[in-house]
Amino acid sequence: MADRFLEITGTLTQREMKHGQMLDTMDLEQERGITIKLQPVRMNYRYKGQEYQLNLIDTPGHVDFSYEVSRSLAACEGAILVVDATQGIQAQTLANCYMAMENNLEIIPVLNKIDLPAANVEECAKEIENALGIPREEILCISAKDGTNVAKLLDMVVEKIPPPKAPGDSQETRALVFDSVYDPYKGIVAHVRLKQGSLKRGQKVRFLNTKAETEVMEVGCFKPKYMPLPEIFAGEVGYVVTGMKSVADASVGDTIWRHENWHLRDEMKPIPLPGYKKVIPFVFAGVFCIDGEDYPLLRDALDKLSLNDSALTFEPEHSGALGHGFRCGFLGLLHMDIVQERLEREYNLHLIVTAPSVSYEVLKNDGEVLLISNPSELPDIISVKEIREPFMKVEILAPKDYIGALMQMLQDRRGISRNVTYLDEKRVNLHYEVPMASIVVDFYDELKSISSGYASMSYEFLEYRAGDLVRLDILVNHEKLDALSIIIHRSEAFYHGGQVCKRLKNIIPRAQFEIPLQAAVGAKILARETIAAYRKDVTGYLYGGDVSRKNKLLDKQKKGKKRMKMFGKVEVPQQAFLAVLRKED
Ligand SMILES: Nc1nc2c(ncn2[C@@H]2O[C@H](COP(=O)(O)OP(=O)(O)OP(=O)(O)O)[C@@H](O)[C@H]2O)c(=O)[nH]1
Ligand SMILES: [Mg+2]
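Computed from a predicted structure; not experimentally measured.

Val 192, Val 240, Ile 256 and Ile 396 are the most contacted members of the largest nonpolar core, which has 148 residues in total. Element by element, the count of residues in this core is highest for strand β23 (residues 384-399), at seven residues. Among residues more than four places away in sequence, those in contact with Val 192 are Ala 175, Leu 176, Val 177, Phe 178, Gly 238, Tyr 239, Val 240 and Ile 256.

Let us look at the site of ligand 1. Taken together, 13 residues sit near ligand 1, with Ile 34, Thr 35, Gly 61, Ala 144 and Lys 145 positioned nearest. Tallied by class, the residues present in the shell around ligand 1 amount to four nonpolar, six polar and three charged.

A few words now on the pairing of strand β2 (residues 50-58). Summarising the sheet, strand β1 (residues 39-47) and β2 pair through nine bridges and their orientation is antiparallel. When the sheet's bridge partners are listed, Tyr 45 is paired in β2 with Tyr 52. In this structure, the hairpin formed by β1 and β2 is closed by a connection of two residues, where Lys 48 is found at a positive phi of approximately 50°.

We now examine helix α6 (residues 150-160). Where α6 is concerned, the buried positions are Val 150, Leu 153, Leu 154 and Val 157. Angularly, the buried residues of α6 cover 100° about the axis, an arc narrow enough to put them on a single face. The exposed set on the far side of α6, more than 90 degrees from its buried face, consists of Lys 152 and Glu 159. Where α6 is buried, its residues touch α1 (2-8), β1, β2, β3 (78-84), β4 (106-112) and β5 (140-141).

Attention now moves to the sheet that holds strand β12 (residues 226-229). Strand order in the open sheet formed by eight strands is β10-β9-β15-β6-β7-β14-β11-β12, with antiparallel pairing between adjacent strands. Looking at the sheet topology across the chains shown, the edges are occupied by β10 (213-215) and β12. Mean inter-strand twist for the sheet, computed between neighbouring axes without regard to direction, equals 40°. In the sheet, strand β9 (residues 204-207) pairs with β10 via three bridges, with the strands oriented antiparallel. Directly across from Arg 206, in β10, lies its bridge partner Glu 213.

In this structure, the amide linkage connecting Lys 223 to the following residue, Pro 224, adopts the cis form with an omega of -15°. If you trace the backbone, Pro 224 turns up in the loop between β11 (218-222) and β12. Unusually for a residue other than glycine, Asp 442 sits at a positive phi of about 55°. Checked against the element boundaries, Asp 442 lands in the loop between α10 (436-439) and α11 (443-450). Although it is not a glycine, Asn 477 sits at a positive phi angle of roughly 50°.

About the thresholds
- Residues numbered from 1 in each chain as written.
- Chains lettered and ligands numbered in written order.
- Predicted model: local features only at pLDDT ≥ 70, side-chain atom pairs only at ≥ 80, totals over all residues.
- Core = buried A, V, L, I, M, F, W, Y, C linked by C-beta atoms within 7 Å.
- Buried ≥ 20, exposed ≤ 12 C-beta atoms within 10 Å, placed from the backbone.
- Helix = DSSP H or I, 4+ residues; strand = E, 2+ residues; numbered from the N terminus.
- Contact = placed C-beta atoms within 7 Å.
- Near = placed C-beta within 6 Å.
- Nonpolar A, V, L, I, M, F, W, Y, C, P; charged D, E, K, R; others polar.
- Pairing = 2+ DSSP bridges.
- Arc of directions from axis to C-beta.
- Axes fitted to C-alpha atoms, helices over the stretch in contact; angles between N-to-C directions.

What follows is the structure, given as structure tokens:
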């Protein structure tokens, strides 16, 4: 749809439109056909003889990236809500629409893909009417493929979405930073929505939250590439080249401020614009290099990636088994996948990424609360009063035939049902509270396979909630392997422990003595596998005689093995760690 906008408004010429989805500028976005990062673009549109400037921000649809959506909404007056007429409303459609309503945006509902035979326009329109309370006659049916009604949509944008109420000739300038990126040529660039005043090169500005001060090096707009302008004004979306050294100084949600009487700035009490909730990652995984020598490269790559991805967090981690690496925090599994792929592709690294886990809040007996993202940080269990895990508010939209199977799945994953509502006669909306730990293990895949692909889901963070959580340790020959300890719900510890022991059994090589593999919670053993010993045939050279001679030799062998077992070291090959830790591909 954005491509059609760019064509109709002449923002890009036919020649410049080299491929589809022009606003998906990353290679990865193009390849996968999904939007990952928000992308602003400025277009000029003639309507009834008058020229209008339209500032569009294209946003991703996947739940992992809803932070991009929320930031964009705060910078806009209106939103075009696109529903695929072959799919109907998705869980994410609802979530995003409510977010737009909370921001008091004018919403233009659009049904897309009406060119396809599978499009079910009237049914989808009814869904929108029911679920969002938008009357049928306001819903515009378009085809972004053949262009039907797209120009009409632009007309509607001009008619319905109010122009920004923003004094451009104010003495004071305030601009909301809705994105902040690192550009190899320009340095740190803040993407801003000017709410008041204007900005141009050479002006001194202050970032109200970080208190950093700097001089504006360049301003401009998005076409969708950077296009320098002499000045940008209130109501507009543009960019500011800051000349700052670190993204932290120009962080997302901050306000760029300046005043005519700059010299009085310390006496003024400028009011920052309402910023954003900071996003906190809930999904964590260890990232290690296959070749340990690449570690500095990995650190470099993460540094650079996080410049343009404020949601990515990382801190050094050392694992006896995997060497030096980083514990990284992600917004969700897709985000994790994307980061891994970018690291491998753009930075040429070969990585081992461990299975994803979540962060936990630990309340200690002395009242201290720790936030830990790695089981090895868990303090001694005696000093722990309770462990809390993140719970998500989950909404699942699905045809009603699948309710039974979905509810079973949610129950198996410790979901708590809060409500069931009907979108229309055919589709239900299940409202659940589900621990994030259950969502990070194949939740989405199972949801899709149970519902033959028809269910969709969205989730948002609810709270950290205390639960019967334990640390599950893995013992090889009675020795604990720290790298394999995890925090887990007691009800799942037994199964998981058994699985890990089974997997290890197939990989750890046999020794001269028997090796027990155990999964334990505290002193309690939940599962055990045994790797049988090699037995050398010590009686082979005997030729007849009394059986006691044979037994004597076997006894001697047994004793020797017992000694070995006490002192023998079990070599756990790295493969074994990988088999347990590695994320399944
Ligand atoms: N037949 C048909 N296909 C369409 C139409 N609009 C989009 N598509 C196709 O649908 C697919 C997804 O289109 P995108 O524009 O990337 O969808 P999106 O909503 O931006 O997706 P995300 O940003 O990842 O959430 C592409 O393969 C498009 O070619 C349409 O009107 N008709
Ligand atoms: Mg897109």
